[in-house]
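# Summary of the model geometry
Spelled out, the chains give:
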Amino acid sequence: MDTAQKILSLRKLMQKANVKALYVSSADPHQSESVADHWKTVQWLTGFTGSMGYAILTEKEAEFWTDGRYTTQAQREIPENTFHINTIATPQAPLWYEWLSDRLQKDDTVAIDGEVLSEAQFQDFKEKLSVENLVISSDRNFVAEIWDDRPNIPTDPIWELEAQYAVETRIEKLAKLREKLLAYGPNTVTLLCGLDDIAWLTNLRGHDNPLYPFFHAYALVSQKEAHLCTNLEKLSESIRAHLSDDGWLLHNYQDINALVSQIPANAVVYTDPYKTPFKLYETVPQSCFTHDGPDLVTAIKAKKSPGEQNNIREANRHEAAAVIRLMRWIEANADSGVLNEYQVGQKLEEFRKLDLLYIQPANRPIVGYAENAALPHYRPTATMSASIKPQGFLLFDVCAHYKCGSTDLTRTVKVGPLTEEMKHDYTLTLKCHIKLATQKFPYGTTGNLLDAIVKSVQWNEFTSFNHGTGHGIGYLLNIHEGPGKIITDFAPAFPWALNTPLEEGMLFSNEPGIYKPGRHGIRLENAVLVQKDIKNEFGQFMRFETVTFLPFERQAIVIEELSESERDWIDNYHQEVYRRISPLLNKEERQWLKEKTRPLESR
């Protein structure tokens, strides 16, 4: 079926069920950032391949919403005369609930998939759809009924992290969680739905997602018991034995509903409503007390232990070595006339696979040449990829998983002559990057304040970038990790960020940019760890430790626009790049890196 035929089939089912509107999302039951193909419902329906979007279907209209990262992509991928495309948070785009409320009448029915809609989203639905006697139906997955070739949930084996990479044992991690639970009473139980939280807590990883090493599971933990619900066929006998020895009780994936329904009376059930599917949330016995809040495991694992921090530094060294080889290759082939954006990502994968610690990519490479780089999340494909010409900038944003951690970095490199505007924009972006890297701040500071400080560098020149300066990064987990985020606005994927202070051990990206549609885009990204600095009569101060070491594009830097302290920071940083990464390179690669990390004044 093509998209138009899918819409027609759904409308027939809706008419028979007396459903006036159908809401379709891109979520799975765990509110994962990237979902397995089995859950890519809105993508299958619309043809859109991005990770963020939702659609509403009525008898006569079909609307699709995505954010500004994906608008151009949606326009390219969604067939004409099927869905009308809206960009979230733009003046001309209606809010989904206002659009839908205008089309509903008293006693109408809206259908949703209760298996994937979170409790928070469900409550948001009820609050915002102000229609008298509105019925929200959640027991039927309409799209699944016409999706004949729907992929199964993957059944690849689950694997166990080696002790040196897990750092802490399962028993130690359970003890940390149970200590947190005690704050809510000795009878508190927590329901865990986030795949990254469960993977971290169990020291297990999987292959259910092409980008993240997760396996589908739920967990239920109290002071006395720890239950893991997953596809047991994916667990080897040895892993089952290890889990049992560490106090885990094993169940099938579907058993979570029965387990939750049997929680003892008067227990406190701690859940994160943004991660818990509302149909599962509703199975909590009425005799229990629910406590909603940020997922407790998320808060624990966001603060990387000293051992995890050491491993993260090593992961970034290995990724830097692969990317340096890529940068040399780009430089050598930029004027060949045959290089395109898609090949850049493929070549990087070749270089990564030379490393025994490498596991898998953690994103579809963002590689944009010239005006494509002005689309912050543009991703080329084998069939849609621009040729790279020997002029201007090439931007690449790439993420990876190594046994010792996950990495996320961006560089914008010169592939030919640059205009003065390009050089100024690059230098301004670099100044923003240095601003965060060197910023000191009192303990208790939240990311929105730091985002404003960084963006003020551009605001003073009447420009800005419309994304956060940084996001949390997981430890061999999600590339975008909560609860914190360095962003001024409320971010739906990070609902607790505005109230989350930056804590020692948290790992963030530092990625300011400038995007000029139709011309060029620039972004410079390193990973940074939050560390304690001095403590004095004004309190505890914090700082950032940069852990990504790659050369910046020296030929794009306007030295005269830098302060003395900024020049010193760049020169010192480049010295560290060579010191840390050169031992992983061969003689020719070291010579190339030596040239790229010379002091600025000797350009």
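Quick look at the structure, then. Values in this document were obtained by computation on a predicted structure and should not be read as measured data. (Residues numbered from 1 in each chain as written. Predicted model: local features only at pLDDT ≥ 70, side-chain atom pairs only at ≥ 80, totals over all residues. Heavy atoms only, no water.)

This part is about the side chain of Thr190. If you trace the backbone, Thr190 turns up in strand β8 (residues 188-192). Within polar-contact distance, the side chain of Thr190 engages the backbone oxygen of Tyr270 at 3.2 Å. The residues touching Thr190, leaving out its near neighbours within four places in the chain, are Leu177, Leu181, Ala219, Leu220, Val221 and Tyr270. (Helix = DSSP H or I, 4+ residues; strand = E, 2+ residues; numbered from the N terminus. Polar contact = N/O pair within 3.5 Å; in protein donor to acceptor, adjacent residues only side chain to side chain. Contact = heavy atoms within 4.5 Å.)

Their axes nearest at 7 Å, the elements helix α8 (residues 170-182) and helix α9 (residues 195-202) cross at an angle of 125 degrees. As the angle between them shows, α8 and α9 are arranged oblique. Two secondary-structure elements touch here, α8 through Arg170, Lys173, Leu174 and Leu177 and α9 through Trp200, Leu201 and Thr202. Considered class by class, the residues forming the contact of α8 with α9 number four nonpolar, one polar and two charged. (Axes fitted to C-alpha atoms, helices over the stretch in contact; angles between N-to-C directions. Parallel < 35°, antiparallel > 145°, perpendicular 65-115°, else oblique. Nonpolar A, V, L, I, M, F, W, Y, C, P; charged D, E, K, R; others polar.)

Moving on, we get to the side chain of Ser101. Note on placement: Ser101 falls in helix α4 (residues 96-101). Under the relative-accessibility criterion, Ser101 is labelled buried at 18%. Within the structure, the side chain of Ser101 is placed 2.7 Å from the backbone oxygen of Tyr97, a separation counted as a polar contact. Non-local contacts of Ser101, meaning those with residues more than four positions away in its chain, are made with Lys128, Leu129, Ser130 and Val131. (Buried < 20%, exposed > 50% of the residue type's maximum accessible area, 1.4 Å probe, protein only.)

This part covers the environment of Thr66. By the element assignment, Thr66 lies in strand β3 (residues 62-66). According to the relative accessible area criterion, Thr66 is buried, its value standing at 0%. Measuring from C-alpha to C-alpha, the distance between Thr66 and Tyr54 comes to 6.9 Å, with 12 residues separating the pair along the chain. In this structure the side chain of Thr66 is engaged in a polar contact, spanning 2.6 Å, whose partner is the backbone oxygen of Met52.

This paragraph deals with the pattern of salt bridges. Scanning all chains against the criterion turns up 36 salt bridges. Across the pair Arg170 and Glu160 runs a salt bridge whose closest N-O atoms are separated by 2.6 Å. Highlighted residues: Arg170 in helix α8 and Glu160 in strand β7 (residues 159-160), separated in sequence by 10 residues. Across the salt bridge formed by Glu168 and Lys176, the nearest N and O atoms sit 2.8 Å from each other. Residue classification places Glu168 among the buried residues on the basis of a relative accessible area of 15%. (Salt bridge = Lys/Arg side-chain N within 4 Å of Asp/Glu carboxyl O.)

Attention shifts here to helix α18 (residues 564-581). Compared with the 26 Å implied by 1.5 Å per residue over 18 residues, the 26 Å span of α18 between its first and last C-alpha is a close match. Burial in α18 covers these residues: Glu566, Trp569, Ile570, Asp571, Tyr573, His574, Val577 and Ile581. If you follow the buried residues of α18, they end up packed against α14 (306-333), β18 (405-414), α16 (420-438), β25 (526-536), β26 (539-546) and α19 (587-596). (Expected span 1.5 Å × (residues − 1).)

Attention now moves to the sheet that holds β3. Ordered by their spatial adjacency, six strands build an open sheet running β4-β3-β2-β1-β5-β6, and the pairing between neighbours is mixed. Each of the sheet's edge strands pairs with one partner strand only, and the pair in question is β4 (84-87) and β6 (135-137). When the angles between neighbouring strand axes are averaged without regard to direction, this sheet yields 20 degrees. Pairing analysis gives three bridges linking strand β5 (residues 109-111) to β6, with the strands arranged parallel. Residue Ala111 lies in a different strand from β6, and its bridge partner there is Ser137. Against the sheet, helix α1 (residues 3-16) touches β1 (21-24), β2 (54-58) and β3, its axis set at about 60 degrees to β2. (Pairing = 2+ DSSP bridges.)

Ile330, Leu394, Phe396, Tyr426 and Ile581 are the most contacted members of the largest nonpolar core, which has 66 residues in total. The biggest single contributor to this core is α14, with 11 residues. Residues contacting Tyr426, with those up to four places away along its chain left out, are Phe393, Thr412, Ile522, Leu524, Phe552, Glu553, Ala556 and Ile557. By size, the runner-up hydrophobic cluster in this structure holds 33 residues, among which are Ile198, Trp200, Leu232 and Ala362. (Core = buried A, V, L, I, M, F, W, Y, C linked by side-chain atoms within 4.5 Å.)

To continue, consider the sheet that holds strand β13 (residues 268-271). Spatially, the six strands line up as an open sheet ordered β12-β11-β10-β8-β13-β14, and their pairing is mixed. At either end of the open sheet lies a strand with only one pairing partner, and these are β12 (248-252) and β14 (289-292). Strand-to-strand, the axes of this sheet are offset by a mean angle of 20 degrees, without reference to chain direction. Note that strand β10 (residues 217-221) and strand β11 (residues 226-230) share five bridges and pair antiparallel.

On to the pairing of strand β23 (residues 513-516), then. Neither face of β23 is open: one carries Gly513 and Tyr515, the other Ile514 and Lys516, and all of them are buried. Where β23 lies against strand β24 (residues 520-523), four bridges are found, and the strand directions are antiparallel. Paired with Ile514 across the two strands is Ile522, which belongs to β24. Between β23 and β24, which follow one another and run antiparallel, lie three residues, and Gly518 among them has a positive phi close to 80 degrees.

Function cannot be read off these values alone, since they describe shape.
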